[in-house]
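Now for the letters of each chain:
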Amino acid sequence: AIVVCQEEAIDAMSDAQLIVDVLTGRFASSDEENIAAAGAPLLAADHPQIPLFMSSDDLLWANASPAPRFGQGAFREMLGSTFESVTGKELQVTMYGKPRRVAYSYAREVLRGEARRLGWDSDAMRTVCMVGDNLESDIQGANAMGAPWLSVHVLSGIGHAPSAVRSVAPGDGEAEWLLNNVPPTPHYVAPTLDHFVREAEHFGEAAV
């Protein structure tokens, strides 16, 4: 299988070339074998695609740059288009990051484990705050989970970026359902994470 887990400092051209080479079986042990393989079909009709997993579908994300950067979602779109142009087939990819339930369920289990480590009652955790700058992944995913999740949209990061519509990977029924059924309207909006923390400390849990 191929697992794509990072987006910072990604070399998109080299990585796309490597992934397509693996998916189409174009590796050989010698120049002669590579030359012989060059005349073969890139992907036979009965050849199952090697499983491809990607951990994030965010079209944009933020780092030290003054403007939002392309994220793994943009890489998936570019990779999918390239793969289809080269092979004539639709790229099959399994997405497992936000806004999908598996990411939020795992996050809550990590928080419960941390609570137990600190000697707290993990069953007494009444609210889980998802603080994020991306309405399509951070906020929409938290809203889909329902209670005890509270979605907090911070306007830092890509919060100030022009609206960008993320595409859905072929066969990604969960992401398509979320886009069509769960509004990305946050429960709370704050300029930055620091503002939210200070307000939460000042007003107390009941008010928030």
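Going by the structure above, here's the rest.
Small disclaimer: the values here were computed from a predicted structure and weren't measured.

Re the environment of A142
Moving on, step 1. Here A142 shows up in helix α5 (residues 135-145).
Moving on, step 2. Owing to a relative accessible area of 0%, A142 belongs among the buried residues under this scheme.
Moving on, step 3. As for A142 and P99, which are separated by 43 residues in sequence, their C-alpha atoms are 7.5 Å apart.
Moving on, step 4. For A142, the residues in contact, after removing those within four places along its chain, are Y104, M130, W149 and S151.

Overview of the sheet that holds strand β8 (residues 188-190)
Moving on, step 1. In space, the 3 strands of this open sheet follow the order β6-β7-β8, with parallel pairing throughout. With partners counted over all chains shown, the strands left at the sheet margins are β6 (128-132) and β8, one partner each. Pairs of neighbouring strands in the sheet enclose a mean axial angle of 25°, with direction left out of account.
Moving on, step 2. Its contacts with the sheet put α5 on β6 and β7 (149-154), and the angle it makes with β7 is roughly 160°.

Considerations on the nonpolar core
Moving on, step 1. Grouped together as the largest cluster of nonpolar side chains are 15 residues, with contacts concentrated most on I19, L52 and L79.
Moving on, step 2. Where this core is concerned, the elements lending two or more residues are β1 (2-4), α1 (12-24), β2 (52-54) and α3 (72-87).
Moving on, step 3. The element best represented in this core is α1, accounting for 4 residues.
Moving on, step 4. Residues within four places of I19 in sequence aside, it is in contact with I2, V4, F75 and L79.
Moving on, step 5. Core analysis: the next-biggest nonpolar cluster, separate from the first, contains 6 residues, Y104, V128, M130 and W149 among them.

Reading the values: the criteria
- Along each chain, numbering runs from 1 in the same order as the chain's sequence is written.
- Predicted model: local features are reported for residues with pLDDT of at least 70 only, side-chain atom pairs are reported and counted for 80 or more only, and whole-chain, interface and lining totals are derived from all residues.
- Hydrogens are left out, water is left out, and the side-chain values use all remaining heavy atoms of the structure.
- Put simply, DSSP H or I for four residues or longer makes a helix, DSSP E for two residues or longer makes a strand, and each gets a number counted from the N terminus.
- Buried, partly exposed and exposed residues are distinguished by accessible area as a fraction of the type maximum, computed with a 1.4 Å probe on protein chains only: under 20%, between the cut-offs, and over 50%, respectively.
- Only heavy atoms matter for contacts: two residues are in contact if any of them lie within 4.5 Å across the pair.
- In this scheme, strands are said to pair when DSSP sees at least two bridges between them.
- Orientation is described by lines fitted to C-alpha atoms, with helices fitted over the stretch in contact, and by angles between N-to-C directions that extend from 0 to 180 degrees.
- Side-chain atoms within 4.5 Å are what join buried Ala, Val, Leu, Ile, Met, Phe, Trp, Tyr and Cys residues into a set we call a nonpolar core.

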